[in-house]
Amino acid sequence: MIKNFIITALRNIFRHKAYSIISLAGLSIGIASFVLILIYVQHELSFDTFFKKSERLYRVGLNYDIDGIQYYSCLDPVPLANGLKQDFSEIECVTRLYNKYFSGGYTFVQYEDKLFKEEKLFWADSTVFKVLGIELLSGNPDEALKNTNSVVISPETAKRYFGNDNPVGKMLKFDDGFIYQVTGIVKPFPVNSHLHFDMLASIHTNQRLIKHPDWIDVKNYVYILLKEGARIEQLESQMDVFQEKHLEPEIKYITKLSYREFKEKGNSFDFMFEPVKDIHLKTIFEGDTEPQSNIKQVVIFAIIGIIILLVACINFINLTTALASQRAKEVGVRKVVGSTKKLLIIQFLIETSLLTTIAVCISLILVYFSIPAFNAILNLKLQFSVFVNWIYIPFGLILIVLVSFLAGFYPSIILSSFKAVDIMKGKFTKGRSGKNTRFALVLLQNIISVLLILTTLVIYLQLDFMQNKELGFNKKNLIIVQRPNRLRNQAQAFKEIIDNNPDILNSTYSYGAPQMVVESMVYFTKE
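Report on the accompanying structure. (Residues numbered from 1 in each chain as written. Predicted model: local features only at pLDDT ≥ 70, side-chain atom pairs only at ≥ 80, totals over all residues. Heavy atoms only, no water.)

**Structural notes on the overall build of the protein chain**
The condition that has to hold: The helix and strand labels rest on DSSP assignments: H or I over at least four residues marks a helix, E over at least two residues marks a strand, and numbering proceeds from the N terminus. Residue burial is assigned from relative accessible area. The probe radius is 1.4 Å, only protein chains are included, and a residue is buried under 20% of its type maximum, exposed over 50%, and partly exposed in between. Every residue pair with non-hydrogen atoms within 4.5 Å of one another is taken to be in contact. Exposure was quantified through the Shrake-Rupley algorithm and a 1.4 Å probe, taking into account, for residues, occlusion by the shown protein chains and nothing else.
Looking only at helices and strands, the protein chain features 17 helices and 14 strands. Across the 527 residues in the protein chain, those meeting the buried criterion constitute 43%. When contacts within the protein chain are restricted to residue pairs at least 6 apart in sequence, those whose partners lie at least 24 apart make up 77%. Carbon and sulfur atoms form 60% of the exposed surface of the protein chain, whose accessible area is close to 29600 Å².

Okay, structure coming up:
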């Protein structure tokens, strides 16, 4: 019987070629759009799930609010890490990460006569391997960063510097003047991580940073790993006492107020704990070395994907019901020869499932060839391959069943409900309720389509405005020299050399480049 249904379905598909092509095109494009958005949403939701101890892993942030100036920073004071480890028995391990993000964001590294610009170089405690679960492909994690002047590098970095030579034991010269020895090859974090690095160097090499005593000057990232069974609420309930103990001396020195008086005036300098798995989508802190996303944006994308799929299904329903008059005689004949309503519903559902299966296959091909362009638009590295990730096979089957039911159930009910006697007498009518339903579906489809088009137009105009808005200065022939602070006392001499160049019209110093966001955070410093 099933074989007969399939043969009949194929005959009907080929008999109504125009209808079949239009239906397949609508379903294929709709499903392809839905799958592309679903891949993006799945990618965003998968961030930082690879951490083996993610349920115990937190990053420490700072809520700064003084005299009405509020700022959330994911950077922390240097002494914070040791203070947390000493004062809280619930913490198993703590580590610091330091990057030159706010002073240019890069370091020059030299090997023999080759010079490289490294943007993803972090200085870290030796505990970084335990806290973040970083794996070494070569070297001992207990010893790799234990000594000063030691560094571990990623395989890609090793290839850039040393080719096919073994990098362990090789010497690298950083622009801070120190010579670092490569002690291991580190396995880089996957794409779906809030943090990426090419090099991890021993933070204890920078004694000036390590000995920085200020509790109110933020410089590094702090991650903590709780002991098994410990809850973050236990730490949060004690943070006010912890902050008063460590912050009061400096607050009193600068403001002449005690910690309690400082708080009573509406000020705050509070440390907060953020689950690592929430950083990418839910963080409220600024200062990350990489841009993070937003859960609202992901939800909006998911809703748009579902709407597109529903529009594709509604379009299929409308096309099928529009063809009802041409299928009426077929239904009448089948009922006369003994076919029941149940069997007719099964036949039309199988026909829809066959079309849906073809549409899903076409949509997956479209997705495969659209991924590169999709990645280019969103600046991502999404991948799609049925042969690499077998999860797409059961997903495809579920999608076929879901779309077949959404797109085929109502038309199958409508077509199977035709009365054989009326059809044979030529009194075939679709009924007022059927017309109202189809009108409502067409109206809904058009409304959603117009809303999507308008939304796309608004987004396009907004992006065009952001990209082409006059910034108030001429970008042409403008060059920015980063990190001029490295010149120190030679800054003025450097400027004079530039000004004497006949090819240069003018030059100036600035705290930040025009396109940079200057953070509103205020730093107190002792005299």
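**What about the packing of aromatic side chains?**
Keep this limit in mind: Paired rings are identified among Phe, Tyr and Trp, the last through its six-membered ring, by centres lying within 6.5 Å, and are further divided according to the angle between planes into stacked (under 30 degrees), edge-to-face (over 60) and tilted (the rest). We count a charge as sitting over a ring when the NZ of a lysine or the CZ of an arginine lies within 6 Å of the ring centre and within 35 degrees of the ring normal.
Counted according to the given criterion, the structure contains 19 aromatic pairs. Each ring, one from Tyr 64 and one from Phe 269, has its centre 5.9 Å from the other, and the planes form 75°; the classification is edge-to-face. One end of the pair, Tyr 64, is in strand 1 (residues 57–66); the other, Phe 269, is in strand 14 (residues 268–275), with 205 residues separating them in the sequence. What makes Phe 269 buried here is its relative accessible area of 3%. Taken together through their ring pairs, the aromatic side chains of Tyr 64, Phe 88, Trp 215, Phe 242, Phe 269 and Phe 271 make up a single cluster. Above the ring of Tyr 106, the side-chain terminus of Lys 117 is found at 4.4 Å from the ring centroid.

**What to know about unusual backbone geometry**
With a phi angle near 65°, Asp 48 is a residue other than glycine that sits in the positive phi range. Even without being glycine, Asp 67 reaches a positive phi, approximately 55°. The residue Asp 67 is located in the loop between strand 1 and strand 2 (69–73) in this model. Classification of Asp 67 as exposed rests on a relative accessible area of 68%.

**What about the environment of Leu 27?**
Counting through the fold element by element, Leu 27 comes out in helix 2 (residues 17–45). Take Leu 27: its relative accessible area is 1%, and that puts it in the buried class. Here the alpha-carbon distance between Leu 27 and Cys 313, two residues 286 residues apart in the chain, equals 6.9 Å. The contact partners of Leu 27, leaving out residues within four places of it in the chain, are Ala 312, Phe 316, Thr 356, Ala 359 and Val 403.

**Structural notes on the environment of Pro 77**
One can find Pro 77 in strand 3 (residues 76–77). Residues Pro 77 and Asp 214, spaced 137 residues apart in sequence, show a C-alpha to C-alpha distance of 6.7 Å. Apart from the residues within four sequence positions on either side, Pro 77 is in contact with Asp 214, Trp 215, Asp 217, Val 218, Asn 220 and Phe 271.

**What about the packing of helix 3 (residues 80–87) against helix 8 (residues 239–255)?**
Cut-off, in case you're wondering: As a rule, the C-alpha atoms of each element are fitted with a line to give its axis, helices using only the stretch in contact, and angles between N-to-C directions run from 0 to 180 degrees. Working definition: roughly parallel below 35 degrees, roughly antiparallel above 145 degrees, roughly perpendicular at 65 to 115 degrees, and oblique for all remaining angles. Crossings are sorted by hand: turned counterclockwise from the far helix by less than a right angle, the near helix makes the crossing left-handed, and turned clockwise it makes it right-handed. Three classes are used, and their members are as follows: Ala, Val, Leu, Ile, Met, Phe, Trp, Tyr, Cys and Pro are nonpolar, Asp, Glu, Lys and Arg are charged, and the others, Gly among them, are polar.
Viewed as axis vectors pointing N to C, helix 3 and helix 8 meet at an angle of 125°, and their least axial separation amounts to 12 Å. Taken together, the axis directions place helix 3 and helix 8 in an arrangement best described as oblique. Note that helix 3 runs across helix 8; the crossing there is right-handed. Of the residues in helix 8, those in contact with Leu 80, Gly 83, Leu 84 and Asp 87 of helix 3 are Met 239, Phe 242, Lys 245 and His 246. Taken together, the residues that form the contact of helix 3 with helix 8 break down as four nonpolar, two polar and two charged.

**A word on the pattern of salt bridges**
A side chain with one charge may pair with a side chain of the opposite charge, provided their charged atoms come close. Our working rule: The working definition used for a salt bridge is a side-chain nitrogen of Lys or Arg within 4 Å of a carboxyl oxygen of Asp or Glu.
Applying the stated rule across the entire model yields 16 salt bridges. When the shortest N-O distance is used, the salt bridge between Arg 59 and Glu 274 registers 3.0 Å. Taken together, the residues Arg 59 in strand 1 and Glu 274 in strand 14 connect sequence positions 215 residues apart. Considered together, Arg 59 and Glu 274 belong to a single accessibility category, that of buried residues. One salt bridge in this structure joins Asp 499 and Lys 495, with 3.0 Å as the shortest N-O distance. On the criterion of helical spacing, the pair formed by Asp 499 and Lys 495 is a turn pair, its members being four residues apart in helix 17 (residues 491–499).

**Some points on the pairing of strand 10 (residues 171–174)**
Note the following rule: When DSSP finds two or more bridges between a pair of strands, those strands are recorded as paired.
Every second residue of strand 10 is oriented toward a common face, the buried set being Leu 172 and Phe 174 and the non-buried set Met 171 and Lys 173. Here strand 5 (residues 107–111) runs beside strand 10; their pairing, made up of two bridges, is antiparallel. Across the sheet, the residue bridging to Gln 110 is Lys 173, located in strand 10. Bridge analysis of strand 10 against strand 11 (residues 179–186) gives three bridges, and the strand direction is antiparallel. Bridge pairing in strand 11 places Lys 173 opposite Ile 179. In sequence, strand 10 turns back onto strand 11 through a hairpin of four residues, with Gly 177 there showing a positive phi of about 95°.

**Some words on the pairing of strand 7 (residues 121–124)**
Where burial is concerned, the two faces of strand 7 agree: the one with Leu 121 and Trp 123 and the one with Phe 122 and Ala 124 are both buried. With two bridges joining them, strand 4 (residues 91–98) and strand 7 adopt antiparallel strand pairing. Paired with Leu 97 across the two strands is Ala 124, which belongs to strand 7. The sheet contact formed by strand 7 and strand 12 (residues 199–202) spans four bridges and is parallel.

**Structural notes on the nonpolar core**
Worth spelling out the cut-off: What we call a nonpolar core is a set of buried Ala, Val, Leu, Ile, Met, Phe, Trp, Tyr and Cys residues that are connected through their side-chain atoms within 4.5 Å.
Formed by 57 residues in total, the largest nonpolar core has its most connected members in Leu 84, Leu 97, Leu 132, Leu 200, Ile 224 and Phe 271. Looking at this core element by element, the count peaks at seven residues for strand 13 (residues 218–226). Setting aside anything within four residues of it in sequence, one finds Ile 224 in contact with Arg 56, Leu 57, Tyr 58, Val 60, Leu 84, Ile 91, Cys 93, Val 94, Val 131, Ile 232, Leu 235 and Phe 273. If you look at the next biggest cluster of nonpolar residues, it comprises 32 residues, including Val 298, Phe 316, Val 360 and Phe 384.

**Quick notes on the side chain of Thr 157**
For the record, the criterion: Polar contacts, as used here, are pairs of N or O atoms within 3.5 Å; protein pairs need one atom able to donate a hydrogen and one able to accept it. Residues neighboring in sequence count only if both atoms are side-chain atoms.
Along the chain, Thr 157 turns up in helix 5 (residues 155–162). Within the local environment of Thr 157, its side chain forms a polar contact with the side chain of Ser 154, the two groups lying 2.8 Å apart. Apart from residues lying up to four places away in sequence, Thr 157 is in contact with Glu 118, Asp 198 and Met 199.

**Points about the side chain of Asp 76**
In plain terms, the rule: Residues scored as charged are limited to Lys and Arg (positive) and Asp and Glu (negative), so that His and the chain ends carry no count.
The topology assignment puts Asp 76 in strand 3. Buried and without a salt bridge, Asp 76 has Arg 59 as its closest oppositely charged side chain, separated by 6.9 Å. With near-sequence residues (within four places) excluded, Asp 76 lies in contact with Val 60, Gly 61, Leu 62, Asp 217, Val 218, Lys 219, Asn 220, Tyr 221, Val 222 and Phe 271.

Function-wise, these values are silent; they only describe arrangement.
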